[in-house]
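Notes for the structure review
Here are the chains, one letter per residue:
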Amino acid sequence: MTVAFEVTDGEQGEWAVVHVSGEMDLVTSPLLRQRVHEAVADGRRSLVLDLSGVVFCDSSGVGVLIATRRLMRSCHGRLRLILPADGHAGGGPVQAAHVNRVLAALGVRRLFDVHPDVFSAVAPESDDEAGPLSA
């Protein structure tokens with residue numbers, strides 16, 4: 001069974017929101033990388049990657065996420081990921097928990113600012129919230 005990969009752009013206030021669905025793998029990950037670079041080239045410094053529709057993520061997908069984190073840090077930007085922990089998004093079941101498990105298994109989930117939905121991802125930070133590790 002083939003799952004179509006799709007990347008769509010949106011905005012929520014100052015945040016550029018990139019919705020990703022399907023399989024993030026060696027073939028599809030370059031499209032996400034390109035969209036991220038386009039957003040940064042357009043001057044966007046606050047980026048949300050909505051991965052709630054991603055059903056599979058391999059090492060190349062993880063590599064794009066880590067490269068995106070590095071890019072956003074280098075331009076003093078902000079990156080937030082949407083990863084529903086329970087595998088549900090928008091009221092329907094999806095396999096987004098897969099990405100959560102992959103990032104946790106690799107020990108890199110703690111490097112990302114993870115949120116369950118767009119609303120919480122674009123909400124202003126409070127001073128007492130602990131962000132992702134700075135390593």
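Residues numbered from 1 in each chain as written. Predicted model: local features only at pLDDT ≥ 70, side-chain atom pairs only at ≥ 80, totals over all residues. Heavy atoms only, no water.

1. A closer look at helix α1 (residues 29-41)
- Between the first and last C-alpha of α1 there are 18 Å, a value that for 13 residues agrees with the 18 Å anticipated at 1.5 Å per step.
- Residues Ser29, Leu32, Val36, Ala39 and Val40 constitute the buried set of α1. Taken down its axis, α1 places every buried residue within 100 degrees of arc, on the same side.
- The secondary structure elements touched by the buried residues of α1 are β2 (15-24), β3 (46-57) and α2 (59-74).
- Looking one or two places after α1, you find glycine 43, whose phi comes out positive at around 95 degrees. (Helix = DSSP H or I, 4+ residues; strand = E, 2+ residues; numbered from the N terminus. Expected span 1.5 Å × (residues − 1). Buried < 20%, exposed > 50% of the residue type's maximum accessible area, 1.4 Å probe, protein only. Arc of directions from axis to C-beta. Contact = heavy atoms within 4.5 Å.)

2. Some remarks on the sheet that holds β2
- Reading across the sheet, the five strands line up as β1-β2-β3-β4-β7 and stay open at both edges, with mixed pairing between neighbours. Of all the strands in the sheet, just β1 (6-12) and β7 (113-115) have a single pairing partner and so form its edges. Strand-to-strand twist across the sheet, computed as the mean angle between neighbouring axes with direction ignored, equals 25 degrees.
- As paired elements, β3 and strand β4 (residues 78-82) share five bridges and run parallel to each other. Within β4, the residue paired with aspartate 50 across the bridge is isoleucine 82.
- Along the sheet, α2 makes contact with β2, β3 and β4, crossing β3 at roughly 175 degrees.
- Strands in contact with helix α3 (residues 97-106) are β3 and β4; relative to β3, the strand with the most contacts, it is inclined by about 100 degrees. (Pairing = 2+ DSSP bridges. Axes fitted to C-alpha atoms, helices over the stretch in contact; angles between N-to-C directions.)

3. Things to note about the pattern of salt bridges
- Applying the stated criterion across every chain, the model contains four salt bridges.
- Between arginine 35 and aspartate 9 there is a salt bridge, and its shortest N-O distance comes to 3.4 Å. Of this pair, arginine 35 sits in helix α1 while aspartate 9 sits in strand β1; the two residues are 26 residues apart in sequence, bridging distant segments of the chain.
- According to the relative accessible area criterion, aspartate 9 is exposed, its value standing at 52%.
- In this structure, arginine 80 and aspartate 113 form a salt bridge, with 3.3 Å as the shortest nitrogen-oxygen distance. Of this pair, arginine 80 sits in strand β4 while aspartate 113 sits in strand β7, and the two are 33 residues apart along the sequence.
- Owing to a relative accessible area of 1%, arginine 80 belongs among the buried residues under this scheme. (Salt bridge = Lys/Arg side-chain N within 4 Å of Asp/Glu carboxyl O.)

4. Considering the pairing of β3
- Here β3 lies mainly inside the structure; nine of its twelve residues are buried.
- Here β2 runs beside β3; their pairing, made up of eight bridges, is parallel. Along β3, the bridge assignment pairs valine 18 with leucine 49.
- Remark: the β2/α1/β3 crossover connection has right-handed handedness.
- For the handedness criterion, the β-α-β arrangement of β3, α2 and β4 is classed as right-handed. (Right-handed = clockwise from strand over helix to strand, strands pointing away.)

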